[in-house]
Amino acid sequence: QVQLVESGGGLVQAGESLRLSCVASGRTFSTYAMGWFRQAPGKEREFVAGITWLRGTTSYPNSVKGRFTISRDYTKNTVYLQMNSLKPEDTAVYYCAVQLRSGVAYDYWGQGTQVTVSS
């Protein structure tokens, strides 16, 4: 089992920045990758960033590329999501997740943290 706890959400104005953190505990040694997703009211969950745990290879959808940066810290079992130039359409609950093997669904999820961007 892997437990994930997100933090860092809040209310900001358009153009401002936030950094989300996600601390992993439990059987983290088997992690292949970690990712951030978001879900806005009435919308499907959306992938926003991913990073492979060993190599640090990152991936982003076009909607956030150039504005969001994912990173990880081995020593703290923590993954971060730096979000710059935030837009009202970035408003959502943000979740981090763990993927144990390449090519399969994410296995463990955090409880989410709310990000609200006002115009």
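Above this text is the structure in question.
Overview of the structure. Just so it is clear, the structure is predicted and the values come from calculations on it, not from any experiment.

Criteria and thresholds
- Residues numbered from 1 in each chain as written.
- Predicted model: local features only at pLDDT ≥ 70, side-chain atom pairs only at ≥ 80, totals over all residues.
- Heavy atoms only, no water.
- 1 Å grid on protein atoms, 1.4 Å probe; cavity = no way out; pocket = protein on both sides within 12 Å on 5 of 7 lines; lining within 4 Å.
- Points joined across faces, edges and corners; volume = space filled by probe spheres on them.
- Nonpolar A, V, L, I, M, F, W, Y, C, P; charged D, E, K, R; others polar.
- Phe/Tyr/Trp six-rings, centres within 6.5 Å; stacked < 30°, edge-to-face > 60°.
- Helix = DSSP H or I, 4+ residues; strand = E, 2+ residues; numbered from the N terminus.
- Buried < 20%, exposed > 50% of the residue type's maximum accessible area, 1.4 Å probe, protein only.
- Lys NZ or Arg CZ within 6 Å of the ring centre and 35° of its normal.
- Disulfide = S-S within 2.5 Å.
- Pairing = 2+ DSSP bridges.
- Axes fitted to C-alpha atoms, helices over the stretch in contact; angles between N-to-C directions.

**Side note on empty space enclosed by the protein**
- One pass over the structure, following the stated rule, counts one cavity of 30 Å³ or more.
- Taken as a whole, the largest cavity spans an internal volume of roughly 30 Å³.
- As for the largest cavity, its lining consists of Ala24, Thr28, Thr31, Met34, Trp53, Asn77 and Val98.
- When the residues that make up the lining of the largest cavity are grouped by side-chain class, the tally is four nonpolar, three polar and no charged.

**Here we look at the packing of aromatic side chains**
- Counted under the stated rule, the structure contains five aromatic pairs.
- Here the aromatic rings of Phe37 and Trp109 are separated by 4.8 Å at their centres, their planes lie at 55°, and the arrangement is tilted. Placement of the pair is Phe37 in strand β4 (residues 33-39) and Trp109 in strand β10 (residues 108-109), with a sequence separation of 72 residues.
- Judged by its relative accessible area of 9%, Phe37 is buried.
- Among the residues examined, Trp109 registers a relative accessible area of 29% and is labelled partly exposed.
- Note that Arg45 overlies the ring of Phe37, its terminal NZ or CZ placed 5.9 Å from the centroid.
- Sitting over the face of the ring of Trp109, Arg45 holds its NZ or CZ atom 4.0 Å from the ring centroid.

**A short note on unusual backbone geometry**
- Positive phi outside glycine occurs at Asn77, with the angle close to 50°.
- Mapped onto the secondary structure, Asn77 falls in the loop between β7 (68-73) and β8 (78-83).
- The residue Ser85 is not glycine, and still its phi comes out positive at about 50°.
- Structurally, Ser85 is set in the loop between β8 and β9 (92-99).
- What makes Ser85 partly exposed here is its relative accessible area of 40%.

**Description of the state of the cysteines**
- The final tally for this structure, using the stated rule, is one disulfide.
- Covalently, Cys22 is tied to Cys96 through a disulfide, its sulfur atoms 1.9 Å apart. On the S-S bond that ties Cys22 to Cys96, the torsion sits near 40°, and the link is right-handed. Of the two residues, Cys22 sits in strand β3 (residues 18-26) while Cys96 sits in strand β9, which places them 74 residues apart along the sequence. Each member of the pair Cys22 and Cys96 is classed as buried.

**Some remarks on the sheet that holds β8**
- Here we have four strands laid out as an open sheet, ordered β1-β3-β8-β7, and antiparallel in their pairing. Two strands in the sheet have a free side with no partner beyond their single neighbour: β1 (2-7) and β7. Neighbour to neighbour, the strand axes of the sheet diverge by 20° on average, direction disregarded.
- In this structure, β1 lies alongside β3, joined through six bridges in antiparallel fashion. Bridging from a neighbouring strand, Glu6 pairs with Cys22 of β3.

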